Amino acid sequence: MSENPLDYLRRIGEAGEGPHDIARAALMLAILDHAEAALDPLLRHLFDIETAMRAEAGMIRRVADGARVLAGLMHDRLGYDGDRVRYDDPGNADLVSVIARRRGLPVALGILYVHAARAAGMTACGLNTQGHFLIRITHRQDDVTLDPFNGGAVVDRDHMPAELRGYDARLAQPAGDVDVLLRLQNNLKQRALETGQNERALQITTRMALIAPRRAELWFDMARINEAMGILGAARAAYEKCLECTGQGGALHNEAAVSLATLKRRLN
């Protein structure tokens, strides 16, 4: 393996909100669950996407051209599409599996689309949409919203994913790269919690805190899961880290302070 994934993810956490090499970061998160997988061929696939998009960059005059090129590569040539059959399969939020199967959740596919669009010189980001992840690409002061789950289709009033009908996706705020990575991991965490896999949920939350060490809510979640598992020393440390990140005041600070005080009484 050419690079240590944990070291890479730790550097992202130290660097802050980004932008980052978002597809590489998502791959580093996923490879932690695939001890048998070789990282280099997967990184070469990301490089191949970059190379293909750079080759088309000269043909992109307008943002609409960029949208067509992007969908042409990612969906038509490489075969990436949304997994409608096994939507809730955790593999759909795991970039190693997504690359192998060419199927995934909207956020996983969106990360690959953002990676490709940036390689062609366009500005690209995820959007803070609820329930269905979209991306926005910008070129020469014009932008368009795309749906990676549905072949990179342009999203407008006439073409809106069913999950977002009644919601104006054009008004959605951009999501930072770290927020997109956390959204990807949160899919795995929620599925683990729903199936009673607390140890797995803790593992995922720890990785999330690695790339976003100043997010108090992650430390609070980590404390809660540790406490539920009876790992009280780690729960105490996580509550303390949560309080350190929140500063004084606020609902989360107060809840963490009460929880920590209650836990200390159990430990004494």
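Up top you'll find the structure we're talking about.
So, here is what we can say about the structure in this document.

The next thing to look at is the overall build of the protein chain. What the protein chain contains, in helices and strands, is eleven helices and seven strands. Burial status across the protein chain gives 52% buried among its 268 residues. Here the analysis covers contacts within the protein chain between residues at least 6 apart in sequence; of these, 58% occur between residues at least 24 apart. Accessible surface for the protein chain amounts to roughly 12600 Å². Of this, 50% is attributable to carbon and sulfur atoms.

All right, on to helix H1 (residues 5-15) then. By the burial criterion, the buried members of H1 are Pro 5, Tyr 8, Leu 9, Ile 12 and Gly 13. Seen end-on, H1 carries its buried residues on one side only, within an arc spanning 145°. What points out from H1, more than 90 degrees from its buried face, is the exposed set Glu 14 and Ala 15. For H1, the capping residue at the N-terminal end is Asn 4, with a side-chain oxygen 3.0 Å from the backbone nitrogen of Leu 6. Just beyond H1, the residue with positive phi is Gly 16, at close to 100°.

Here we take up the environment of Gly 152. Here Gly 152 shows up in the loop between strand S5 (142-147) and strand S6 (153-154). Taking C-alpha positions, Gly 152 is 13 Å from Asp 65, a pair spaced 87 residues apart along the chain.

Further remarks concern the side chain of Ser 97. Secondary-structure assignment places Ser 97 in helix H5 (residues 95-101). Exposure remark for Ser 97: the relative accessible area of 18% places this residue in the buried category. Among residues more than four places away in sequence, those in contact with Ser 97 are His 34, Gly 91 and Arg 102.

This paragraph deals with the environment of Arg 191. With respect to the element layout, Arg 191 can be found in helix H7 (residues 177-194). Expressed as a C-alpha distance, the spacing of Arg 191 and Asp 89, which sit 102 residues apart in the sequence, is 8.8 Å. Apart from the residues within four sequence positions on either side, Arg 191 is in contact with Tyr 87, Asp 88, Pro 90 and Leu 105. Engagement of the side chain of Arg 191 in a polar contact is seen with the backbone oxygen of Asn 187, the distance being 3.2 Å.

Another aspect to go through is the packing of helix H6 (residues 106-119) against H7. Relative to each other, H6 and H7 sit at 150°, their axes nearing to 9 Å. Taken together, the axis directions place H6 and H7 in an arrangement best described as roughly antiparallel. Considering how the two elements wind past one another, H6 and H7 form a crossing that is left-handed. Residue-level inspection shows Val 107, Ala 108, Ile 111 and Arg 118 of H6 in contact with H7, the latter providing Asp 177, Val 180, Leu 181, Arg 183, Leu 184 and Asn 187.

Calculation rules
- Residues numbered from 1 in each chain as written.
- Predicted model: local features only at pLDDT ≥ 70, side-chain atom pairs only at ≥ 80, totals over all residues.
- Heavy atoms only, no water.
- Helix = DSSP H or I, 4+ residues; strand = E, 2+ residues; numbered from the N terminus.
- Buried < 20%, exposed > 50% of the residue type's maximum accessible area, 1.4 Å probe, protein only.
- Contact = heavy atoms within 4.5 Å.
- Areas by Shrake-Rupley, 256 points an atom, 1.4 Å probe, with all protein chains shown as cover.
- Arc of directions from axis to C-beta.
- Polar contact = N/O pair within 3.5 Å; in protein donor to acceptor, adjacent residues only side chain to side chain.
- Axes fitted to C-alpha atoms, helices over the stretch in contact; angles between N-to-C directions.
- Parallel < 35°, antiparallel > 145°, perpendicular 65-115°, else oblique.
- Left-handed = near helix turned anticlockwise from the far one by under 90°.

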